[in-house]
Amino acid sequence: MKVKVALRILLERSVKKMGKGMNPIVKAAALEMIERAYNEGIYVQISAGYRSLEEQASLYGQGRVYIYNGKNYSNLAKPNVTNAKPGQSYHNFGLAIDFFIVSDDGKKAIWTVNSKWQRVAAIGKELGFIWGGDWSSFKDYPHLEMTGGLSYKQLQAGKKPYITSPKTSKGDGHIMSIQKTINSRYKTSIAVDGVYGPKTRSALIKGLQVELNKQFNKKLVADGKWGPKTKTAVITIKKGASCNITWILQAALYMKGFNPGTLDGEFGEKTEAALYKYQKASRISADKLAGKVTWNELFA
Ligand SMILES: [Zn+2]
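Remember, predicted model here, so these are calculated numbers, not experimental data. (Residues numbered from 1 in each chain as written. Predicted model: local features only at pLDDT ≥ 70, side-chain atom pairs only at ≥ 80, totals over all residues. Heavy atoms only, no water.)

1. Quick word on the domain arrangement of the chain
- For the chain, the assigned domains read domain 1 (7–51 + 89–156) and domain 2 (173–299).
- Computed over C-alpha atoms, the centres of domain 1 and domain 2 are 26 Å apart.
- Across the contact, 9 residues belong to domain 1 and 8 residues belong to domain 2.
- Both faces combined, the contact of domain 1 with domain 2 buries some 720 Å², and carbon together with sulfur accounts for 52% of it.
- The largest per-residue losses of area from domain 1 upon contact with domain 2 belong to Glu126, Trp135 and Gly149, which jointly make up 49% of the total buried on that side.
- Its salt-bridge partner being Arg283, residue Glu145 comes within 3.2 Å of it at the nearest N-O pair.
- In terms of residue class, the side of domain 1 that touches domain 2 is built from 3 nonpolar, 3 polar and 3 charged. (Domains from an automatic or database assignment. Contact = heavy atoms within 4.5 Å. Buried area = accessible area lost by both parts, 1.4 Å probe. Salt bridge = Lys/Arg side-chain N within 4 Å of Asp/Glu carboxyl O. Nonpolar A, V, L, I, M, F, W, Y, C, P; charged D, E, K, R; others polar.)

Right, here's the structure in full:
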């Protein structure tokens, strides 16, 4: 009988690889991701976390001639692995991790982007990460990051990210009140536990479907699933909007760690600012409009 790798081993190796200098919330979310995947029979490890500017310089130097701070980092013997110079990667701020799958016995690394890999990415996203596999320009499948809505330029300038994760915001009062509102408004019976999990996500989608039917005469089945019909039926809302759909947008943004201010269904300055930050962080067009692309990013 084959012995399966222990969760403790995966966590220990990952903590080591992430190194010191990780944002504590990002680190906690990474470990939570490993545990949740483990409970589903998927064994995953973190290969990288915090990376100093010098470490980034040696990585950037692979495959090219590169001098940084007077030191030669050129390494033409190795292939090009990154286009991020020192200070241009979220790894440099302890906000990003890279993962890979390990064999059941924990002895072999598996780098194939298969259904297990996709599932780990999905768990990561539930926990508030943005996945490099979703990027359109350059896909970085092992990469997960939390930006707190800041660009690396803002981080370089010393701005501090506001990071929340469903893991660390367990019992989050705002999420609990969102869950209560969903239950009473949309006749769902999700747990009021302050955690943004798949059931709360599905209930929010149901709410959106109900509102689209009621206010825009769409004939959607309110099943809480993000299917092609719902995807095309969504409407675009922007600053000035005042309706339950704005409330759903506010709730969804809050769940992703972007604070829209009071959840009052009024699309004002704060909601617009949160939307803009979210769009930036997700690398979708930052047009301040909650349209098809944004809704899909929030719920897909
Ligand atoms: Zn990475």
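2. Quick look at the layout of surface pockets
- By volume, the largest pocket amounts to about 830 Å³.
- Contributing to the lining of the largest pocket are 35 residues, with Gln88, Ser89, Trp135, His143 and Arg283 lying nearest its centre.
- Every element with two or more residues in the lining of the largest pocket is listed here: strand 1 (44–48), helix 3 (53–60), strand 7 (143–145), helix 5 (152–156) and helix 10 (269–282).
- Top element by residues in the lining of the largest pocket is helix 10. It accounts for 4 residues.
- Counted by class, the lining of the largest pocket contains 13 nonpolar, 13 polar and 9 charged residues.
- Here the lining of the largest pocket spans two domains, and each of domain 1 (7–51 + 89–156) and domain 2 (173–299) adds at least three residues to it. (1 Å grid on protein atoms, 1.4 Å probe; cavity = no way out; pocket = protein on both sides within 12 Å on 5 of 7 lines; lining within 4 Å. Points joined across faces, edges and corners; volume = space filled by probe spheres on them. Helix = DSSP H or I, 4+ residues; strand = E, 2+ residues; numbered from the N terminus.)

3. So, the coordination of the zinc ion
- In the first shell of the zinc ion, the protein supplies His91 (NE2), Asp98 (OD) and His143 (ND1), at 2.0 to 2.1 Å from the metal.
- Ordering the donors of the zinc ion by residue number gives the pattern H-x6-D-x44-H.
- Using a relative accessible area of 2% as the deciding quantity, one classes His91 as buried.
- The class for Asp98 is buried, based on a relative accessible area of 11%. (Donors = N, O, S within 2.8 Å, 3.2 Å for Na, K, Ca; no water. Buried < 20%, exposed > 50% of the residue type's maximum accessible area, 1.4 Å probe, protein only.)

4. A few points about helix 7 (residues 198–216)
- Counted at 1.5 Å a residue, the expected span for helix 7 with its 19 residues is 27 Å, and the 26 Å between its end C-alpha atoms agrees.
- Where the residues of helix 7 are buried, they touch helix 6 (173–186), helix 8 (228–233), helix 9 (244–255) and helix 11 (292–299).
- One or two positions beyond helix 7, positive phi appears at Asn217, with a value near 55°. (Expected span 1.5 Å × (residues − 1).)

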